[in-house]
Amino acid sequence: MCIFCKIINKEIPSYCIYEDDLVMAFLDISQVTKGHTLVIPKKHYKNFLECDNETLSHLMNIAQSLANMLTEKLHAKGMNILTNVNEVAGQTVDHFHVHLIPRYNKEDACIIQFNESEKQDFDDLTRLLKVEKKIN
Ligand code: 5GP
Ligand code: ZN
């Protein structure tokens with residue numbers, strides 16, 4: 001059983017701040033910033049890409065509510081809301097989770113950097129990626 005499933009089953013203690021039938025939110029053990037929270041589905045999905053639609057919709061709604069609550073109670077000035085998919089993207093726990101990382105200033109311990117890589121052909125890329133049909 002994965003470490004987050006054990007947290008859901010209360011086999012491992014956590015600082016839970018929200019729980020319902022489908023999701024649970026608890027403080028991340030490594031508080032990148034004050035209030036750093038993880039929102040997870042109670043059912044085990046490996047990552048964002050594998051989560052079922054209903055659970056994902058509910059989880060994102062809860063994540064938004066909690067992000068607003070954290071902002072208000074902790075007087076955060078902003079928030080990074082992110083989820084890592086697979087090891088290459090930094091996923092270390094293979095149970096889908098959304099990070100809520102309140103931000104207080106640009107110099108705090110949360111460093112997310114977008115560097116430019118090689119130049120891309122935007123026409124080629126758009127031709128390849130364009131989705132013609134409406135999704136859903
Ligand atoms: P990832 O790198 O997979 O996106 O994030 C995993 C997160 O889980 C990390 O930020 C890490 O600090 C957190 N984490 C790992 N083990 C535990 C644990 O046992 N309890 C809590 N509360 N957080 C954990
Ligand atoms: Zn799990």
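Everything in this summary refers to the structure shown in the same document. What you see is a predicted model; the values in this text were computed from it and never measured. (Residues numbered from 1 in each chain as written. Chains lettered and ligands numbered in written order. Predicted model: local features only at pLDDT ≥ 70, side-chain atom pairs only at ≥ 80, totals over all residues. Heavy atoms only, no water.)

Okay, the coordination of the zinc ion (ligand 2) next. At 2.1 to 2.3 Å from the zinc ion (ligand 2) lie its protein donor atoms, namely Cys2 (SG), Cys5 (SG), His44 (ND1) and His95 (ND1). Positions of the donor residues of the zinc ion (ligand 2) along the chain correspond to the pattern C-x2-C-x38-H-x50-H. For Cys5, a relative accessible area of 14% gives the class buried. (Donors = N, O, S within 2.8 Å, 3.2 Å for Na, K, Ca; no water. Buried < 20%, exposed > 50% of the residue type's maximum accessible area, 1.4 Å probe, protein only.)

Turning our eyes to something else, we now look at the sheet that holds strand 2 (residues 23-27). Within the open sheet, the five strands sit side by side as 1-2-3-5-4. Their pairing is antiparallel. Either end of the sheet is taken by a strand with one partner, and the two such strands are strand 1 (16-19) and strand 4 (78-82). Between one strand axis and the next, the sheet turns through 15 degrees on average, direction left out of account. The pairing of strand 4 with strand 5 (residues 98-103) spans five bridges and is antiparallel. Paired with Leu82 across the strands is His99, a residue of strand 5. (Pairing = 2+ DSSP bridges. Helix = DSSP H or I, 4+ residues; strand = E, 2+ residues; numbered from the N terminus. Axes fitted to C-alpha atoms, helices over the stretch in contact; angles between N-to-C directions.)

This paragraph deals with the site of ligand 1. The environment of ligand 1 is formed by 16 residues, the closest being Asp28, Ser30, Asn84, Thr92 and His99. In the model, a nitrogen atom of ligand 1 is placed 3.2 Å from a nitrogen or oxygen of the Ile29 main chain. Note that an oxygen atom of ligand 1 is positioned 2.8 Å from one of the side-chain N or O atoms of His99. Protein coverage of the free-state accessible area of ligand 1, which is 520 Å², stands at 82%. With respect to the pocket detection grid, ligand 1 is positioned in the largest pocket. For the shell around ligand 1, the secondary structure elements donating two or more residues are helix 1 (3-8) and strand 2. Here the element with the most residues in the shell around ligand 1 is helix 1; it accounts for three residues. Grouping the constituent residues of the shell around ligand 1 by class yields eight nonpolar, seven polar and one charged. (Near = heavy atom within 4 Å. Polar contact = N/O pair within 3.5 Å; in protein donor to acceptor, adjacent residues only side chain to side chain. Areas by Shrake-Rupley, 256 points an atom, 1.4 Å probe, with all protein chains shown as cover. 1 Å grid on protein atoms, 1.4 Å probe; cavity = no way out; pocket = protein on both sides within 12 Å on 5 of 7 lines; lining within 4 Å. Sits in = over half its atoms within 2 Å of the grid points. Nonpolar A, V, L, I, M, F, W, Y, C, P; charged D, E, K, R; others polar.)

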